[in-house]
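Commentary on secondary and tertiary structure
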Amino acid sequence: QVQLVESGGGLVQAGGSLRLSCAASGSIFSINTMGWYRQAPGKQRELVAAITNGDSTNYADSVKGRFTISRDNAKNTMYLQMNSLKPEDTAVYYCQIKVRKVGSPTVYVYWGQGTQVTVSS
């Protein structure tokens, strides 16, 4: 089994910063793509940012220039540095990882439990 633990959400004023973390543990052989998604009330879950095991990144247009995704492969941990936060960034943020387990060629997808980010105006 694979476990994901998210941390770093909270309440911040517009213009402020937060840093989210997502730590993976368990039966992991390798982690492929890691990503952050968010879901605001009444809206569909959307991709915020993703990073491959080669450190290629992509971002939603709405966060480009403000958010930075990174990963520490030694710790199986991913981060999302969020700067210049806006009220429209308010959502539950979820991490997602795609992993291969020991002894299996299958790629599995796992989600974190979600962490609330609230940006006040």
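Here is what the cut-offs are and how they apply
Residues numbered from 1 in each chain as written. Predicted model: local features only at pLDDT ≥ 70, side-chain atom pairs only at ≥ 80, totals over all residues. Heavy atoms only, no water. Disulfide = S-S within 2.5 Å. Helix = DSSP H or I, 4+ residues; strand = E, 2+ residues; numbered from the N terminus. Buried < 20%, exposed > 50% of the residue type's maximum accessible area, 1.4 Å probe, protein only. Pairing = 2+ DSSP bridges.

Focus: the state of the cysteines
Within the structure shown, the criterion is met by 1 disulfide. The disulfide partner of Cys22 is Cys95, and the gap between their sulfur atoms is 2.1 Å. Since a negative S-S torsion denotes a left-handed disulfide, the Cys22-Cys95 link at about 55° is right-handed. Note that Cys22 is positioned in strand E3 (residues 18-26) and Cys95 in strand E9 (residues 91-100), a separation of 73 residues in sequence.

A word on the pairing of E9
For E9, a buried count of 7 out of 10 residues is recorded, marking the element as mostly surrounded by other parts of the structure. Both strand E4 (residues 30-39) and E9 contribute to a ladder of 8 bridges, which runs antiparallel. Bridge assignment links Ile31 to a residue of E9, and that residue is Val99. Taken together, the 3 bridges between E9 and strand E11 (residues 115-120) define a ladder with antiparallel strand orientation. Paired with Tyr93 across the strands is Thr115, a residue of E11. Taking the residues that link successive antiparallel strands as the turn, the E9-strand E10 (residues 107-111) hairpin has 6 residues, and the phi of Gly103 there is positive, at about 80°.

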